[in-house]
Every structure is written in C-alpha cells, then in structure tokens.
Amino acid sequence: MNYAEIKPYDVANGTGVRVSLFVSGCTHHCKDCFNQETWDFNYGNPFTEKEIEAIIEYMKPAHIAGLTLLGGEPLEPVNQEGLLPLLRRVHALYPEKTVWCYTGYLFDRDITERMCRESETTRELLSYIDILVDGEFVAERKNLKINFRGSDNQRIIDVKKSLEAGSLIRWEGEIQAE
C-alpha cells in the first residue's frame, strides 16, 4: 500500500484534533474529487512500519482525539491489508481514541452485505472503526453547510452501534443537510 500524506494535526476530518492518513488508490473516480492524485495506487510513498510508528507517536498526546483514514479509498482491498496492522496497534494502544474512515463504498450495500461476507480482513478492519462516512462524493450534491462531508448524499454512521443493531445507525453528532 502507498500513502499520499500523513497530517499530524487535522481538524476538518472528524471531531477534535486528529491524525489523518491519506492512502493512495481509488477506483471510484468521483467527478470533482478534491484529491484526484490519490486515485493512483502508486502515488506517494510506501506505507511501512516507519509510518505506523510515526502515526502512533503523533497520536500519543492527550489532545489528539483519534485517527482518520481517507484517500484515495481506505477500503480498497489492497489498502485494507496495509491498514490492518496500523488499526490493530491503534486499538491496542489507544482504545479511548476514535477511528474515523471516509469511503466511497456504502456501508449497508457494499461493506456489510458484500465485503464483510467475502473478507475476514474487512470484518476485522470494520471492528476497529468507530465512525464511517460513506458514499461517493457527488459534485451536484456538494453542500458547504454540512460538517464532515462533501456532498449531502454521504452519511455519517456509528459503526459500533450499527453492527450491534444489525442495521444502519447514523452518528448522533451528525447535522443533517438543510
């Protein structure tokens, strides 16, 4: 897996001050994507143990609320394999910090109905994610009045509650589009 960027301090992609990892590789190719260079799986640099250690260190301070995964597409199969060792470490060292993940895949149709059934990696990865922002960016539905999303078709999902309930539960902090 390659990555495009690691931001040690990010306040735009989830609640609080977060560490954000932008992975490389995406097959969605959304019109007007803000990060088109990350569509290429070879863009950026290899994601190695060195980067995992840096992220773990960046997350150490108490004021860091958690980790956010974006891209590119974190849930592309090759990226899931690359992210799993990181999420295992984050979960073990910082269980009180949240993990947000941005994906163009739909939680109910693509992830739980297909990907989780086909892949143990997806099931394990999902178990470490607290909040999932799902759905492709749709330029025609871009909405600057909503938090944590680019277009109003995207949903903010409480993954833990959704998995427990067996149905999609939106995050309580989500502000609906006007």
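Shown above is the structure to which this text applies.
Notes on the structure in this doc start here. The structure displayed is predicted, hence computed values, not measured ones.

Right, let's talk about the sheet that holds strand β4 (residues 64-70) for a bit. Across the sheet, which stays open at both edges, the 7 strands sit in the order β3-β1-β2-β4-β5-β6-β7 with mixed pairing between neighbours. The sheet is open, and its two edges are formed by β3 (45-46) and β7 (155-158), each paired on a single side. Of the strand pairs in this sheet, strand β6 (residues 131-134) and β7 are connected by 4 bridges, and their pairing is antiparallel. Following the sheet pairing, Ile131 is matched in β7 by Asp158. Against the sheet, helix α1 (residues 49-58) makes contact with β1 (2-10), β2 (17-23), β3 and β4, and its axis sits at roughly 15° relative to β1, the strand it touches most.

Counting residues in hydrophobic clusters, the biggest one holds 34 residues, and the most contacted among them are Leu21, Ile55, Leu67, Leu69 and Leu86. Only β1, β2, α1, β4, α2 (77-93), β5 (98-102), α3 (107-118) and α4 (120-127) provide two or more residues apiece to this core. It is α2 that contributes the most residues to this core, 5 residues altogether. Counting 8 residues, the second-largest nonpolar core is a separate cluster that includes Phe22, Tyr102, Ile131 and Ile156.

A few words on the side chain of Asn143. Checked against the element boundaries, Asn143 lands in the loop between β6 and β7. Since its relative accessible area comes to 11%, Asn143 is described here as buried. A distance of 2.8 Å separates the side chain of Asn143 from the backbone nitrogen of Lys145, its partner in a polar contact.

This part is about α3. Its 12 residues place the ends of α3 only 14 Å apart at the C-alpha level, less than the 16 Å of an ideal helix rising 1.5 Å per residue. Of all the residues in α3, the buried ones are Phe107, Asp110, Ile111, Met115 and Cys116. Viewed along the axis of α3, the buried residues span an arc of 125°, placing them on a single side of the element. In this structure, α3 carries Arg109, Arg117 and Glu118 as exposed residues pointing more than 90 degrees from its buried face. Among the structural elements, α2, α4, β6, β7 and α5 (159-165) are those in contact with the buried residues of α3.

Here the focus is the pairing of β1. Bridge count between β1 and β3: 2 bridges; the pairing is antiparallel. Directly across from Tyr3, in β3, lies its bridge partner Asn45.

Definitions and limits used
- Each residue is numbered by its place in its chain's sequence as written, counting from 1.
- Only residues with pLDDT of at least 70 get local features here, since the model is predicted, and only at 80 or more are side-chain atom pairs given and counted; chain-wide, interface and lining totals rely on the full set of residues.
- Computation of side-chain values covers all heavy atoms of the structure but excludes hydrogens and water.
- We treat two strands as partners when DSSP finds at least two bridges between them.
- Counting from the N terminus, the helices are DSSP H or I runs at least four residues long and the strands are E runs at least two residues long.
- Whether two residues are in contact is decided by their heavy atoms: any pair within 4.5 Å suffices.
- Every angle, taken between N-to-C directions, lies between 0 and 180 degrees, and every axis is a line fitted to C-alpha atoms, over only the stretch in contact when it is a helix.
- Within this scheme, the nonpolar core is defined by two criteria: the residues are buried Ala, Val, Leu, Ile, Met, Phe, Trp, Tyr or Cys, and they are joined through side-chain atoms within 4.5 Å.
- Each residue is placed in one exposure class: buried if its accessible area under a 1.4 Å probe, protein chains only, is under 20% of its type's maximum, exposed if it is over 50%, and partly exposed if it falls in between.
- For the purposes of these results, a polar contact is taken to be a pair of N or O atoms within 3.5 Å, where, inside protein, one atom must be able to donate a hydrogen and its partner to accept one; residues adjacent in sequence count only when each atom of the pair is a side-chain atom.
- One less than the residue count of a helix, multiplied by 1.5 Å, gives the span that helix is expected to have.
- Within this analysis, the arc is defined by the directions that extend from the helix axis to the C-beta atoms.

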